[in-house]
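Observations on the three-dimensional arrangement
What follows is the residue order along each chain.
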Amino acid sequence: MSRGRRGSRVSALEGGGEEEAPQAAAAVASVPWAAPQRPEAAAEQVLLRGIFEIGRSSCDMVLSERALRWRPIQPERPAGDSKYDLLCKEELIELKDIFSVKLKRRYFASGNGTLLGITLFICLKKEQNKLKDSTLDLINLSEDHCNIWFRQFKKILAGFSNRPKSLKIFLNPQSHKKEAKQIYYEKVEPLLKIAGIKTDVTITEYEGHALSLLKECELQGFDGVVCVGGDGSASEVAHALLLRAQQSAGLETDCILSPARAQLPLGVIPAGSTNVLAHSLHGIPHVVTATLHIIMGHIQPVDVCTFSTTGKLLRFGFSAMFGFGGRTLALAEKHRWMSPTQRRDFAVIKALAKLKPEDCEISFLPFNSSPDLQERRAQGSPKSDCNAQWQRIQGQFLNVSIMAIPCLCSVAPRGLAPDTRLNNGSMALIIARNTSRQEFIKHLKRYASVKNQFNFPFVETYTVEEVKVYPRNKTSAYSLEEEDQPHETASENSFPWNVDGDLMEVTSEVHVKLHPRLINLYGESMEEMNDSKVTCNCL
């Protein structure tokens, strides 16, 4: 795509179109195309046609219902000039890729501005699922001409009703290296301002702050909620939105058989250490990509799990680990004075040094892929699995993973659950039985490669809809791991769970149940990840 001359994004632009142009249309020169239009282009209704300068070339511009097309205006073809066709090649931008339009002016010290033309702000799709913002300057010094085109572009953009106009932002300043505020104000906010999106920013002060605010705050004027932080912050906001939906629907939160869907979509701006949710959603943990998906109004329904014990709801979430994964997080939480990288490495090494299995029983309901049943579930109908057969396994387990999303991250480029999708109505149950420390480390290291992480005799994988984990020993191995630090004792008889990067301590069995497409996240359906060589130094 041709690029126009680029100026300052904001200082040289005038947004809002306060000056109304006269109704009389400016005279626009009409220049025939250098080559016949494509049949689909010719079939579209032409809204406007005129001349703008792009770069240093005058171009014949045609605005249709779907796209903006242009060709450089060239003299008649010189004899023997083989480059003529290349120079006159048609280029286009699809209107759905434009997210803002501004009048471009040159301002002087006196405060007066000279109109230069129109600037289009465009969302470009790059390789590896990355999105990038770009600009295209359409230069024309006629006020009347530019205002006619400007108003038409504004009318077209207003027709994209799925794009948010107002967002509630929750920003966790403690995420990762405390960079969330810098990420938001330097990378996210400027794009939201260009797109004309109003924002209300709340900086959270403690764990659970967003949850308490979302229970009470007024959301009627917002089109979506955005979280700037890590997995724990995003999970907390998603949990709060779903709890709010249950309250609005008049459902008891102690025991939810068929939860209500979240009423507003959630945007996740990655600013944490692992960013599993954002990585799984967008394919990469890229701030600009996540922001542009929000601006463009891309909506992706996502499956959510309920975690409950003895009939009482503990929380909503997307993934969980019990055993090694839970104990590692519990150790990391006890050493938050360390830097995020040091804390993670320390916790992994210590958990491996004191690797112990949990004695437990696991019951699960295998995934039923019947199209009729899946359709009823997608519509929120209660399940009718009276004849479903629960399966049971028991023994000594080093780690149990239950994941409704692929859980992509830097240490697992294909995902901790690579065969799971965001909304296929099933969860991955991955069990690592007791084995030697050496073999378990080999299994962990395989996640950094592109395949075969489950190709071990002690690893079992299942596709399930529900899981129940019953610890059979009265005291978790976790409660003995900090015995050398008496001032930091674990809760007695509690078992640590890692739920979306948050520590959840439970004293009894946990029931995990999948609920299809329970929340909408800002993002697009991701293509199958291509196998690529990835190096990892995590272990």
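The paragraphs below set out a description of the structure included in this document.

Here's the deal with the overall build of the protein
Helices and strands together make up the secondary structure of the protein, namely 12 helices and 22 strands. The buried share among the 539 residues of the protein stands at 52%. Nonlocal contacts in the protein, meaning residues at least 24 apart in sequence, comprise 71% of its contacts between residues at least 6 apart. Total accessible area computed for the protein in this model is approximately 25,600 Å², and 49% of it derives from carbon and sulfur atoms.

Points about unusual backbone geometry
Phi is positive for Thr310, close to 45 degrees, though the residue is something other than glycine. Along the chain, the position of Thr310 falls in the loop between strand 13 (299-309) and strand 14 (312-317). The class of Thr310 is exposed, set by a relative accessible area of 64%. A positive phi is found at Asp500, a non-glycine position, where the angle reads about 55 degrees. With respect to the secondary-structure elements, Asp500 resides in the loop between strand 20 (495-499) and strand 21 (502-506). Residue classification places Asp500 among the buried positions, given a relative accessible area of 8%.

With respect to the environment of His282
Position of His282 relative to the elements: it lies in helix 7 (residues 276-282). Sequence separation between His282 and Val268 is 14 residues, and the spatial gap between their C-alpha atoms is 9.9 Å.

What to know about the pattern of salt bridges
In this structure the tally under the stated criterion is 15 salt bridges. Across the pair Arg66 and Glu94 runs a salt bridge, and its minimum N-O distance is 3.2 Å. In this pair, Arg66 sits in the loop between strand 3 (57-64) and strand 4 (67-72) while Glu94 sits in strand 5 (residues 91-94), placing the two residues 28 residues apart along the sequence. Assessed through its relative accessible area of 36%, Arg66 is described here as partly exposed. Take Glu94: its relative accessible area is 26%, and that puts it in the partly exposed class. Between Arg392 and Glu361 there is a salt bridge, with its nearest N and O atoms 3.4 Å apart. Of this pair, Arg392 sits in strand 17 (residues 391-403) while Glu361 sits in strand 16 (residues 358-366), and the two are 31 residues apart along the sequence. Relative accessible area serves as the criterion here: at 16%, Glu361 is assigned to the buried category.

Comments concerning the packing of helix 9 (residues 324-333) against helix 10 (residues 340-353)
Contact pair helix 9 / helix 10: the axes reach a minimum separation of 8 Å and the direction vectors enclose 130 degrees. Here helix 9 lies oblique to helix 10, going by the angle between them. In terms of crossing hand, the pair formed by helix 9 and helix 10 is right-handed. When helix 9 is examined against helix 10, the residues Phe324, Thr328, Leu331 and Ala332 are found in contact with a partner set consisting of Arg343, Ala347, Val348, Lys350, Ala351 and Leu352. Grouping the constituent residues of the contact of helix 9 with helix 10 by class yields seven nonpolar, one polar and two charged.

Notes on the packing of aromatic side chains
For the structure on display, the rule yields 10 aromatic pairs. Measuring from centroid to centroid gives 4.6 Å for Phe364 and Tyr462, while their planes differ by 40 degrees, and the two rings are tilted. Of this pair, Phe364 sits in strand 16 while Tyr462 is found in strand 19 (residues 459-471), placing the two residues 98 residues apart along the sequence. You can call Phe364 buried: its relative accessible area is 2%. Exposure remark for Tyr462: the relative accessible area of 24% places this residue in the partly exposed category. Over the ring of Phe160 we find Arg163; its NZ or CZ atom is 4.1 Å from the centre of that ring. Positioned over the ring face of Phe170 is Lys168, at 5.3 Å from the centre of the ring.

Analysis parameters
- Residues numbered from 1 in each chain as written.
- Predicted model: local features only at pLDDT ≥ 70, side-chain atom pairs only at ≥ 80, totals over all residues.
- Heavy atoms only, no water.
- Helix = DSSP H or I, 4+ residues; strand = E, 2+ residues; numbered from the N terminus.
- Buried < 20%, exposed > 50% of the residue type's maximum accessible area, 1.4 Å probe, protein only.
- Contact = heavy atoms within 4.5 Å.
- Areas by Shrake-Rupley, 256 points an atom, 1.4 Å probe, with all protein chains shown as cover.
- Salt bridge = Lys/Arg side-chain N within 4 Å of Asp/Glu carboxyl O.
- Axes fitted to C-alpha atoms, helices over the stretch in contact; angles between N-to-C directions.
- Parallel < 35°, antiparallel > 145°, perpendicular 65-115°, else oblique.
- Left-handed = near helix turned anticlockwise from the far one by under 90°.
- Nonpolar A, V, L, I, M, F, W, Y, C, P; charged D, E, K, R; others polar.
- Phe/Tyr/Trp six-rings, centres within 6.5 Å; stacked < 30°, edge-to-face > 60°.
- Lys NZ or Arg CZ within 6 Å of the ring centre and 35° of its normal.

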